[in-house]
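Examining the three-dimensional arrangement
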Amino acid sequence: MLSNWKKTKMYDLTQPLSHLTPPWPTYEPLQIKFFKRLAPNGANGQVITLSNHIGTHLDGPLHFCTHGADIASLPLDFLCNEGVIVDLSDICEDYGIYTSKDIEARVEVKEGDIVIIYTGYHKYSWDQPEADEVRYMIKHPGPLREFADWAIKKKIKWFGIDAGSLDHPMNTKIRDWMPRQAKECEDYLQKKYGKGYAELMPDADYQVMHIPLFPKNIIHVENIGGDVAKVLNRRMVIGCFPWRFVDAESCVCRVVAFDEE
């Protein structure tokens, strides 16, 4: 792929980052200030403070695994390789559940692929006309244990997701933090599946897209955005470009899809 660079178009799949970008709930927002200005010495300079979990960012193995690799240790051919962008927006709804079969019904996933999932919740991102921070972070859909098992079997390099997390929000600490939304989710799951979240997402499967996968170096990028809707159900070269950040458990990044037209 990419045999002719002059005919290659790049699609930026990155959410804009500013002091207005919501971090994952309870994490530090970005803060920025000038420490010097053009007068008197001719150069602007800024200082930023931020958590590693704001905007489009790569959750590294170290984020959930004490012996996991840091961001600087991730090889370039892991970060940038072939993969697919799959559109699940036709089946995604608040608190919904998607499966590996939903992915493979829409695209061919090869062993070792990068997989970016488009739920459609990008439209609720802070930079969009329909921005809705609670819906984006608290109500997005997610997968269950079978999806994690499938990811291991397929040896997925990394996932991307156009929402706050690859895990279902009610399979995270959010369940405790947002009791009203947790009740909404419980009612939805009981009506649709005849089971509540305690049965569908038992303690043994807590954060199933993080805890069992990160020690196996199956990680993911959260808050995919930008031009993602322009490249749906396509096989492309996909690159994630974090800082070469020693001892970092995660890192803000830029995600780009490359299309040889």
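Refer to the structure presented above.
Now for a description of the structure that goes with this document. (Residues numbered from 1 in each chain as written. Predicted model: local features only at pLDDT ≥ 70, side-chain atom pairs only at ≥ 80, totals over all residues. Heavy atoms only, no water.)

One finds Leu13, Leu58, Ile103, Ile117, Trp158, Phe159 and Val255 to be the most contacted residues of the largest nonpolar core, which totals 70 residues. Each residue touching Leu58, except ones within four places of it in the same chain, is listed here: Ile71, Leu74, Leu79, Ile219, His220, Val221, Cys240, Pro242, Ser250, Cys251 and Cys253. (Core = buried A, V, L, I, M, F, W, Y, C linked by side-chain atoms within 4.5 Å. Buried < 20%, exposed > 50% of the residue type's maximum accessible area, 1.4 Å probe, protein only. Contact = heavy atoms within 4.5 Å.)

For the rest of this paragraph, the subject is the pairing of strand β9 (residues 234–242). The pairing of strand β5 (residues 80–87) with β9 spans six bridges and is antiparallel. Residue pairing in the sheet places Ile85 in a bridge with Arg234 of β9. The pairing of β9 with strand β10 (residues 250–260) spans six bridges and is antiparallel. Within β10, the position partnered with Phe241 by the bridge is Arg254. (Pairing = 2+ DSSP bridges. Helix = DSSP H or I, 4+ residues; strand = E, 2+ residues; numbered from the N terminus.)

Under the definition given, this model contains 15 salt bridges. With a shortest N-O distance of 2.6 Å, Arg235 and Asp113 are connected by a salt bridge. On the criterion of sequence distance, the pair formed by Arg235 in strand β9 and Asp113 in the loop between α3 (100–104) and β6 (114–118) is long-range, its members being 122 residues apart. A salt bridge links Lys230 to Asp227; the shortest N-O distance between them is 3.6 Å. Note on Lys230: relative accessible area 56%, which makes it exposed. Among the residues examined, Asp227 registers a relative accessible area of 27% and is labelled partly exposed. (Salt bridge = Lys/Arg side-chain N within 4 Å of Asp/Glu carboxyl O.)

Moving on to the side chain of Asn52. Here Asn52 lies in the loop between β3 (45–49) and β4 (57–59). A distance of 3.1 Å separates the side chain of Asn52 from the side chain of Glu249, its partner in a polar contact. Within the local environment of Asn52, its side chain forms a polar contact with the backbone oxygen of Ser250, the two atoms lying 3.3 Å apart. Apart from residues no more than four positions distant in its own chain, Asn52 is found in contact with His57, Phe245, Glu249, Ser250, Cys251 and Val252. (Polar contact = N/O pair within 3.5 Å; in protein donor to acceptor, adjacent residues only side chain to side chain.)

What you tend to see is this: most non-glycine residues have negative phi, and most peptide bonds are trans. Residues Ala39 and Pro40 are joined by a peptide bond in cis, for which omega reads 10°. Backbone geometry places Lys155, a non-glycine residue, at a positive phi of 55°. Along the chain, Lys155 falls in the loop between α5 (145–154) and β7 (158–161). For Lys155, a relative accessible area of 52% gives the class exposed.

The next thing to look at is the side chain of Asp167. Turning to its location among the elements, Asp167 is positioned in the loop between β7 and α6 (174–177). Although Asp167 lies buried, it forms no salt bridge, and the closest oppositely charged side chain, Arg145, sits 9.5 Å away as judged by the N-O distance. In terms of polar contacts, Asp167 uses its side chain to reach the backbone amide nitrogen of Met209, at 3.0 Å. Of the polar contacts made by the side chain of Asp167, one reaches the side chain of His210; its length is 2.6 Å. Excluding residues within four positions of it along the chain, Asp167 makes contact with His140, Thr172, Gln207, Val208, Met209 and His210. (Lys, Arg positive; Asp, Glu negative; His and termini not counted.)

So, about helix α7 (residues 179–193). Here α7 is 15 residues long and its end C-alpha atoms lie 20 Å apart, about the 21 Å a rise of 1.5 Å per residue gives. In the core, the buried residues of α7 are packed alongside α4 (133–138), α6 and α8 (197–200). Of the residues trailing α7, Gly194 is marked for its positive phi of about 70°. (Expected span 1.5 Å × (residues − 1).)

Positionally, Ile152 belongs in helix α5. Under the relative-accessibility criterion, Ile152 is labelled partly exposed at 32%. With 84 residues separating them in the primary sequence, Ile152 and Met236 have C-alpha atoms 21 Å apart. For Ile152, the contacting residues outside a window of four places in its chain are Leu213, Lys216 and Ile218.

These figures capture arrangement, not role.
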